[in-house]
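Here are the chains, one letter per residue:
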Amino acid sequence: MRIGKGAVDFGRKASMGPEGATKRALALAGGGFTGYLFEIGALTALDDLFDGSFTVNDFDLYVGVSAGSAAASLIANGVKPQEILETNLSSTRPYYFDHRDIFAPAFGEGLKTFPRAIRQLIPLLKMYVRHYPEMTLIDLLDKAQDALPSGIYTLKPFARYLERTFRAKGLSDTFAELRRELYIPAIDLETGDCVIFGDEGWRELPISRAVTASSAVPIYFCPVRIDGRDYIDAGIGRLAFFDLAVAKRVGFMVVINPMVRVHLPRSTRDAPAHPSYQACLRDRGFLAIGEQASRINFDVRFSQALELFERSHPDKELLVMTPTPHDALLFERSFLTYHDRVLLLRAGYVSVVTLVRERGDELEAQFARHGIGLSLARFDDLAKQRMARLDQGEAASGLPQHPVRVVPVGREPAGAVLCKADQRPGKG
């Protein structure tokens, strides 16, 4: 399935088939490695919330975008989120990903561009001398960009690591062998179209390669080349969640979206207690500014697409879960300490706890409409045990414990949205 501009008409109702049967879907958005950890925490909480007759491994189909594709590929393969969470708390393989398992400096790209740089050097110097009065150094660098590498890092180590993990754990690395549907979007760099790996015509690619193609954030990572085409991060283009909900007859979709804009506090008194925290994003350099800009852009596009989808398809229901905008640690793309990992897992878990506390009855009714039972009493006991386990992990880091700030749902621009036919996002 290839989605280009305007390929799906949101204004047209989706056919539900002869018996009106619809599917239940789980969609996981990006947000880098930090978003992946947040999602694992939230998925563990959802599994604890279900009454046992249904788990997060029982959805009919899964959609994984960017870093969310790694989590979706594991969950679609039947891996329990609790197992992933525990391996991160105990720092054991294979679901404990280290940055060295995910990416490496793109030295090969530098070597490939070196001959181009040599060929361009003399012509560029001649151009600079000839146009010296009106040509600045910035202009010269702009002309020389063809000699620059296509990214800072390569995701080839991640593809190899996922291949080994799937093989070692007896998981499927092919879409056709999965019991559940799995769809991983990526953007074709040359055309700008969104390609859906896992759909008809796009099922031959190994899942591990599809994950890296969907996760290749421009500038950070080199595009992933597959069959002569280059692919980049799926979060940049058209939001595939809503297109797939229509195309695949999804009646209920749970979306976990860690890609929210980060609201840094205006006063240092309210600042998060984290060693890398800086009160001003400008002080963190151009990559941090670019990261915030991409989050703002994605947040706006997601909100607009969500509102349009809800208005155009009142027969479908969505549950959209996001962090609070004050979870600044989600902004980190550099090295994560063990303490950071625990805080991110905890933030994901707390997002569900907060939702249940604030809207438990409404949440229970929404899931029940789609044949999914919740056990609020059981969740209360499991959540206490799980939070105690996370507290132990945080204490084991040797750093002071800082409780995750819990913002009641509906009082911040992010949190959770239960979408129904008569309810607009953000209203409760």
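You'll find the structure just up there.
Residues numbered from 1 in each chain as written. Predicted model: local features only at pLDDT ≥ 70, side-chain atom pairs only at ≥ 80, totals over all residues. Heavy atoms only, no water.

K.L.:
I'd like to hear about the overall build of the chain, residue by residue, with values.
P.N.:
When its secondary structure is counted, the chain shows 12 helices and 13 strands. Buried residues in the chain amount to 54% of all 428 residues. Across the chain, contacts joining residues at least 24 apart in sequence account for 80% of those joining residues at least 6 apart. Roughly 19600 Å² of accessible area belongs to the chain as shown, and the carbon and sulfur atoms make up 54% of that amount. (Helix = DSSP H or I, 4+ residues; strand = E, 2+ residues; numbered from the N terminus. Buried < 20%, exposed > 50% of the residue type's maximum accessible area, 1.4 Å probe, protein only. Contact = heavy atoms within 4.5 Å. Areas by Shrake-Rupley, 256 points an atom, 1.4 Å probe, with all protein chains shown as cover.)

K.L.:
Lay out the side chain of Glu-39 in plain terms, naming residues and giving numbers.
P.N.:
Residue position: Glu-39 is located in helix α1 (residues 32–49). The buried charged residue Glu-39 lacks any salt bridge, with Arg-295 as its nearest oppositely charged partner at 10 Å. Apart from residues lying up to four places away in sequence, Glu-39 is in contact with Leu-28, Ala-29, Gly-30, Gly-68, Ala-71, Ile-256 and Pro-258. (Lys, Arg positive; Asp, Glu negative; His and termini not counted. Salt bridge = Lys/Arg side-chain N within 4 Å of Asp/Glu carboxyl O.)

K.L.:
Summarise the pairing of strand β2 (residues 23–28); cite the residues concerned and give the values.
P.N.:
Burial analysis of β2 places 5 of its 6 residues in the buried class, the great majority of the element. Summarising the sheet, β2 and strand β11 (residues 250–256) pair through 6 bridges and their orientation is parallel. Considered in β11, the bridge of Leu-26 is made with Val-254. Direction of pairing for β2 relative to strand β3 (residues 61–64): parallel, over a ladder of 4 bridges. Bridged to Ala-25 within β3 is Leu-61. Crossover connection from β2 via α1 to parallel β3: handedness right-handed. (Pairing = 2+ DSSP bridges. Right-handed = clockwise from strand over helix to strand, strands pointing away.)

K.L.:
An account of the nonpolar core is requested, with residue identities and associated values reported.
P.N.:
Considering soluble globular proteins, one finds that nonpolar side chains tend to be buried as a cluster. One finds Tyr-36, Leu-46 and Phe-197 to be the most contacted residues of the largest nonpolar core, which totals 80 residues. By residue number, the principal contributor to this core is helix α11 (residues 338–368), which donates 12 residues. In this structure, Leu-46 is in contact with Val-56, Val-254, Ile-256, Met-321 and Val-352, ignoring residues within four places of it in sequence. Core analysis: the next-biggest nonpolar cluster, separate from the first, contains 30 residues, Leu-61, Val-65, Ile-187 and Met-259 among them. (Core = buried A, V, L, I, M, F, W, Y, C linked by side-chain atoms within 4.5 Å.)

K.L.:
A description of the side chain of Lys-248 should follow, citing residues and the corresponding values.
P.N.:
By secondary structure assignment, the location of Lys-248 is in the loop between α9 (240–247) and β11. Of the residues examined, Lys-248 reaches a relative accessible area of 14% and is grouped as buried. With residues near it in sequence (within four places) discarded, Lys-248 still touches Lys-23, Leu-61, Glu-181, Tyr-183 and Asp-199.

K.L.:
Got a sec to walk through the packing of α1 against helix α3 (residues 81–90)? Specific residues and values, please.
P.N.:
Close contact between α1 and α3 brings their axes to 8 Å; oriented N to C, the two are set at 130 degrees. Judged by the angle between their axes, α1 and α3 are oblique. α3 is crossed by α1, and the crossing has left-handed handedness. Seen from α1, the contacting residues are Tyr-36, Leu-37, Ile-40, Gly-41, Leu-43, Thr-44, Asp-47 and Asp-48; seen from α3, they are Pro-81, Gln-82, Ile-84, Leu-85 and Asn-88. (Axes fitted to C-alpha atoms, helices over the stretch in contact; angles between N-to-C directions. Parallel < 35°, antiparallel > 145°, perpendicular 65-115°, else oblique. Left-handed = near helix turned anticlockwise from the far one by under 90°.)

K.L.:
Provide a residue-level description of the environment of Ala-213, including the pertinent values.
P.N.:
Checked against the element boundaries, Ala-213 lands in helix α8 (residues 207–215). Spatially, the C-alpha atoms of Ala-213 and Leu-155 are 8.6 Å apart, while their sequence positions differ by 58 residues.

K.L.:
Summarise the packing of α1 against helix α2 (residues 68–76); cite the residues concerned and give the values.
P.N.:
α2 packs onto α1 with a crossing angle of 40 degrees between their chain directions and a minimal axis gap of 8 Å. Crossing angle aside, the handedness with which α1 passes α2 is right-handed. Listed contacts from α2 to Tyr-36, Glu-39, Ile-40 and Leu-43 of α1 are Gly-68, Ala-70, Ala-71, Leu-74 and Ile-75. Across the contact of α1 with α2, the residue classes tally to 7 nonpolar, 1 polar and 1 charged. (Nonpolar A, V, L, I, M, F, W, Y, C, P; charged D, E, K, R; others polar.)

K.L.:
Tell me about the pattern of salt bridges, and name the residues and values.
P.N.:
What the rule picks out here adds up to 17 salt bridges. Where Glu-86 meets Arg-389, a salt bridge forms, and the shortest distance between an N and an O atom there is 3.3 Å. Of this pair, Glu-86 sits in helix α3 while Arg-389 sits in helix α12 (residues 376–396); the two residues are 303 residues apart in sequence, bridging distant segments of the chain. Look at Arg-389 and you get partly exposed, because its relative accessible area is 25%. For Asp-380, the salt bridge is made with Lys-384, and the minimal N-O distance between the two is 3.6 Å. Note that Asp-380 and Lys-384 are positioned in helix α12 at a spacing of 4 residues, about one turn of the helix.

K.L.:
Pulling in residues and values, what's your account of the packing of aromatic side chains?
P.N.:
Here the structure, examined in full by the defined rule, presents 19 aromatic pairs. Relative to Phe-59, the ring of Phe-54 has its centre 5.1 Å away and its plane inclined at 85 degrees; by these criteria the two rings are edge-to-face. By relative accessible area, which is 0% here, Phe-59 ends up buried. When the ring of Phe-241 is compared with that of Phe-242, the centres are 6.3 Å apart and the planes differ by 85 degrees; the resulting orientation is edge-to-face. (Phe/Tyr/Trp six-rings, centres within 6.5 Å; stacked < 30°, edge-to-face > 60°.)

K.L.:
Would you mind going over unusual backbone geometry in detail, with residue names and values included?
P.N.:
A cis amide bond, omega 5 degrees, links Arg-93 with the succeeding residue Pro-94. Along the polypeptide, Pro-94 turns up in the loop between α3 and α4 (99–102). Positive phi values are uncommon outside glycine, yet Ser-91 reaches one of about 55 degrees. Residue classification places Ser-91 among the partly exposed residues on the basis of a relative accessible area of 36%.

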